[in-house]
Amino acid sequence: MPPRYSREITRPVVLGAQLKEQFRTSPCETSCPIGNSIQKMNSLIEKGQFTEALRYLRAKNPFPGITGRVCPHFCMDACNRKEMDGCLNIRALERAAETFAERGHVFFKRRPATGKKAAVIGGGPAGLTAAYFLALLGHEVTIYEAEPLLGGVPRYGVPNFRLPRDVVDREVGLVLEAGVRARVNTRVGVDITMEEISARYDAVIVATGVPAENSLPIPGAEKAVKAVEFLRAAALGQNTGKIGKNVVIMGGGGVAFDCAFTARRLGAENVHVICLEKAGEMRAPAEDLELAAKEGVHVHNSCTMSAIRTEGDKVTGVDYFEVKDCHFDEKGKLTLEAVPGGEHVLECDTVIFAVGMKTDLAFLGENAGGLELTPRNWIKVDESQRTSRAGVFAAGDVSAGPASIARAVGDGRRAAFAVHQMLTGTSSRVYALNEENMIEDCDAMGSDTAPYVVQYADIYGIAQYESVPSEKEAENACTKAFAELNLGLTIEQAQKEAARCFHCGHCKACGTCVEDCPGYVLEMRPYQEAERPEMMHGEECWHCANCRTSCPCSAIGFTFPLFMQV
């Protein structure tokens, strides 16, 4: 057979990870919980087409301005370019697409009304994403949110210096402009029951996250401040003057460090983070550890608290000890082995617990409203976010446990399309945007076979790339305490960074295969205002695979005749 080309997409795909035209793909796109069309975004940004890049992003993710700042970038960790000279700064490129696109030019149109109604419980990333896509699919959608404002973790749990509130406002506003209704300050189980909601709507999506915080079973634990409560109060401007000079935080994840940096900005002079994890094994992102060192936050690895010391109503210090080994069972129960003689004391006047989140499912009623739960009390769902109760779906942390905003967005989109297919009786492997920016069924684009994920060693034409260091985002020199730390890339930097992409597994129509073909049987042919390589009419492939070994994207596949495989 002649060479087969795994092509880059030519229209924004909304749902569908397996495409006929892409039988090979990249580690970055495979590892993205949202499934962003990363390589297409890079191609468009390289050409300076930021608005079109944003169109492709928003086809799957209504919050690129948010995830472009605070996503833990699983894609970057998987990027093949890191094997050469450092991974692409994909998160910064996503932010650049949202920043430099023309405002108001990426609005999608709703499909005709279906007459069906859906309720979404929870106005965080998962709930907002589900509501957004359901509205675009033509359904009437209402969000029930207990807080006064929509946004969830991005609004109340991520500090301003990481994620400015105007970005959250802008992207939540786009969801509402899609036709979504919101009932804020409405607590399900108090202001309205789950049964009332189920009776009023044709489908329900539960996306309440993990609103309850864990504590530690130690003396004085009642004097500790809960991490998310602390961050929420800071986001609402309620913490000024209430933080002590000496702060100790228990926990080793991103939330713990957000508390540490926020405490510093609120006036704390000494901040200590105590965590169970060993150095090099912490759950917090590497940039958090770098910032901690820069801002003088002290980290105590392989340790945990044993007591909070108090005098009257005031905290005076904490007892903590070194840990030799620790592990959790399937229900989340912790087992510790202490280091003999490893006890210590820290003086402080504020203690913050950042020791994990858990679900609060009381609003569902007795026996969780008939929903099957996991051992950790998360709602059990299938691959389409369906629960054990007909017509009820769950998305985000309430079904997956504490994860990332990106994971919540991916869950919310899957739930929306599962609800759509249930309500309309339709089924399609792929949904994509048409020229009118309306979602349509595109089952013919789908494949039943998962694509091969190209690895660095598969790119035989790698020598064609020059070593180019990654572009660095500018740091904000503003002295205001909560000014955004990271200013992102400039337009020119974004274009240079996007040009570093290998486009693993997707043909970028560079023409190298045509130039290197010894039989001259390949040519570049016009295709949708561009060109791409094809076999020449009437010519026969030599099956030498020279095109495959020279391809700088590893986008070519072969099925050799049997007589050549002896």
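Model, not experiment: these values are computed from the prediction.

K.L.:
Before we go on, may I ask you to explain helix α13 (residues 286-295) in this structure?
P.N.:
The periodicity of an α-helix, 3.6 residues per turn, causes residues three or four places apart in sequence to face the same way. Buried within α13 are the following residues: Asp288, Leu291, Ala292 and Glu295. Looking straight down α13, one finds that the buried residues subtend no more than 105° of arc, so they occupy a single side. Among the exposed residues of α13, those pointing more than 90 degrees away from its buried face are Glu290, Ala293 and Lys294. Looking at the buried positions of α13, the neighbouring elements they touch are α12 (254-265). Gly296 sits one or two residues past α13 and shows a positive phi near 75°.

K.L.:
Before we go on, may I ask you to explain the packing of helix α7 (residues 125-136) against helix α15 (residues 405-424) in this structure?
P.N.:
Packed helices, taken two at a time, are described by the angle their axes make and the gap between the axes. At their nearest, the axes of α7 and α15 sit 7 Å apart, and the two run at 35° to each other. Between α7 and α15 the crossing geometry is right-handed. Counted together, Pro125, Ala126, Thr129, Ala130, Phe133 and Leu134 of α7 and Ile405, Ala408, Val409, Gly412, Arg413, Ala416, Phe417, Val419 and His420 of α15 form the full contact between these two elements.

K.L.:
Is there a simple way to think about the domain arrangement of the chain in this case?
P.N.:
Bring the parts together and some accessible area is lost; that lost area is often taken as the interface size. Each assigned domain of the chain is listed here: domain 1 (23-106 + 460-500), domain 2 (117-211 + 359-428) and domain 3 (213-356). Distance between the C-alpha centres of domain 2 and domain 3: 30 Å. Across the contact, 12 residues belong to domain 2 and 15 residues belong to domain 3. Between domain 2 and domain 3, the buried area comes to about 1,100 Å², and carbon and sulfur atoms account for 52% of it. Counting across the domain 2 and domain 3 interface gives three salt bridges. Between Asp258 and Arg162 there is a salt bridge, with its nearest N and O atoms 2.5 Å apart. Inspection of the domain 2/domain 3 interface yields four residue pairs in polar contact (both at pLDDT 80 or more). Here the side of domain 2 that touches domain 3 is composed, by residue class, of six nonpolar, one polar and five charged.

K.L.:
For this particular structure, what's the right way to read the pattern of salt bridges?
P.N.:
Two side chains that carry opposite charge are able to pair once their charged atoms sit near each other. Within this structure, the stated rule accounts for 34 salt bridges. Between Glu287 and Arg91 there is a salt bridge, with its nearest N and O atoms 3.0 Å apart. Of the two residues, Glu287 sits in helix α13 while Arg91 sits in helix α6 (residues 90-100), which places them 196 residues apart along the sequence. Its relative accessible area of 27% is what places Glu287 among the partly exposed residues.

K.L.:
I would appreciate a short explanation of helix α3 (residues 50-58) in the present structure.
P.N.:
Of all the nine residues making up α3, eight are buried; the element is thus mostly covered by neighbouring parts of the structure. Of all the residues in α3, the buried ones are Phe50, Thr51, Ala53, Leu54, Arg55, Tyr56, Leu57 and Arg58.

K.L.:
Whenever I open this one, unusual backbone geometry confuses me. Can you help?
P.N.:
It is generally the case that most residues other than glycine have a negative phi and that most peptide bonds are trans. Despite not being glycine, Ser302 has its phi angle at roughly 55°, a positive value. On the secondary structure map, Ser302 appears in the loop between β12 (298-300) and β13 (303-311). Overall, the relative accessible area of 17% leaves Ser302 in the buried class. Despite not being glycine, Asn377 has its phi angle at roughly 70°, a positive value. In this fold, Asn377 is placed in the loop between β17 (357-358) and β18 (392-394). For Asn377, a relative accessible area of 34% puts it in the partly exposed group.

K.L.:
How should I be thinking about the packing of aromatic side chains in this particular structure?
P.N.:
For any pair of aromatic rings, the description rests on two quantities: the centre-to-centre distance and the angle between the ring planes. Across all of its chains, the model carries 10 aromatic pairs by this definition. Ring geometry for Tyr465 and Phe502: centres 4.6 Å apart, planes at 50°, overall tilted. Of the two residues, Tyr465 sits in the loop between β21 (452-453) and β22 (474-475) while Phe502 sits in the loop between α16 (491-498) and α17 (512-516), which places them 37 residues apart along the sequence. Each of the two residues, Tyr465 as well as Phe502, counts as buried.

K.L.:
I would appreciate a short explanation of the sheet that holds β13 in the present structure.
P.N.:
Hydrogen bonding along the main chain pairs the strands of a sheet, whether they run parallel or antiparallel. The strand order β13-β14-β15 describes an open sheet built from three strands, whose pairing is antiparallel. Looking at which strands have only one partner, the edges of the open sheet turn out to be β13 and β15 (334-347). Here the strands of the sheet are splayed against their neighbours by 25° on average, with no regard to which way each runs. For strand β14 (residues 314-328) and β15, the ladder comprises 10 bridges, and the chain directions are antiparallel. If you follow Phe328 over to β15, its bridge partner there is Leu334.

K.L.:
What exactly am I supposed to notice about a nonpolar patch on the surface here?
P.N.:
A cluster of nonpolar side chains, namely Phe328, Leu334 and Leu336, defines an oily patch on the protein surface of about 260 Å² accessible area. Mapping Leu336 onto the fold places it in strand β15. Overall, the relative accessible area of 36% leaves Leu336 in the partly exposed class.

K.L.:
Would you mind going over the sheet that holds strand β4 (residues 117-121) with me for this structure?
P.N.:
The five strands lie next to each other as β6-β5-β4-β7-β18, forming an open sheet whose pairing is parallel. In this open sheet, the two strands that pair with only one neighbour each are β6 (181-183) and β18. Pairs of neighbouring strands in the sheet enclose a mean axial angle of 20°, with direction left out of account. Each of β4, β5 (140-144) and β7 (203-206) is contacted by α7, which is oriented at about 165° to β5, the strand it contacts most.

K.L.:
Just to check I follow, could you spell out the packing of helix α2 (residues 38-46) against α3 for this structure?
P.N.:
At a minimum axis distance of 8 Å, the contact between α2 and α3 shows a crossing angle of 170°. By the angle between their directions, the pair α2 and α3 is classed as roughly antiparallel. Counting all contacts with α2, which are made through Lys40, Met41, Leu44 and Ile45, the residues of α3 involved are Phe50, Glu52, Ala53, Tyr56 and Leu57. When the residues that make up the contact of α2 with α3 are grouped by side-chain class, the tally is seven nonpolar, no polar and two charged.

K.L.:
Please explain the nonpolar core as it appears in this structure.
P.N.:
Ranked by size, the top nonpolar core spans 81 residues in total, and within it Ile45, Ile205 and Ile439 carry the most contacts. Among the elements that line this core, the one with the most residues is α15, at 10 residues. Here this core gathers at least three residues from each of two domains, domain 1 (23-106 + 460-500) and domain 2 (117-211 + 359-428). Not counting the four nearest positions on each side in its chain, Ile45 is found in contact with Phe50, Ala53, Leu93, Ala97, Ala494, Gln495 and Ala498. With 25 residues, the next largest nonpolar core counts Phe161, Ala263, Cys275 and Ala284 among its residues.

K.L.:
How do you make sense of the pairing of β7 when you look at a structure like this?
P.N.:
Along any regular strand, the residues point their side chains to alternate faces of the sheet. The side-chain alternation of β7 yields two buried faces, one formed by Ala203 and Ile205 and the other by Val204 and Val206. Bridge count for β4 against β7 is four bridges, and the pairing is parallel. Following the sheet pairing, Ala118 is matched in β7 by Ala203. With three bridges connecting them, β7 and β18 associate as parallel partners. Note on β18: the bridge partner recorded for Val206 is Ala394.

Procedures and definitions
- Residues numbered from 1 in each chain as written.
- Predicted model: local features only at pLDDT ≥ 70, side-chain atom pairs only at ≥ 80, totals over all residues.
- Heavy atoms only, no water.
- Buried < 20%, exposed > 50% of the residue type's maximum accessible area, 1.4 Å probe, protein only.
- Helix = DSSP H or I, 4+ residues; strand = E, 2+ residues; numbered from the N terminus.
- Arc of directions from axis to C-beta.
- Contact = heavy atoms within 4.5 Å.
- Axes fitted to C-alpha atoms, helices over the stretch in contact; angles between N-to-C directions.
- Left-handed = near helix turned anticlockwise from the far one by under 90°.
- Domains from an automatic or database assignment.
- Buried area = accessible area lost by both parts, 1.4 Å probe.
- Salt bridge = Lys/Arg side-chain N within 4 Å of Asp/Glu carboxyl O.
- Polar contact = N/O pair within 3.5 Å; in protein donor to acceptor, adjacent residues only side chain to side chain.
- Nonpolar A, V, L, I, M, F, W, Y, C, P; charged D, E, K, R; others polar.
- Phe/Tyr/Trp six-rings, centres within 6.5 Å; stacked < 30°, edge-to-face > 60°.
- Pairing = 2+ DSSP bridges.
- Patch = residues over 30% accessible without salt bridge, like charges linked within 9 Å, V, L, I, M, F, W, Y side chains within 5 Å.
- Areas by Shrake-Rupley, 256 points an atom, 1.4 Å probe, with all protein chains shown as cover.
- Parallel < 35°, antiparallel > 145°, perpendicular 65-115°, else oblique.
- Core = buried A, V, L, I, M, F, W, Y, C linked by side-chain atoms within 4.5 Å.

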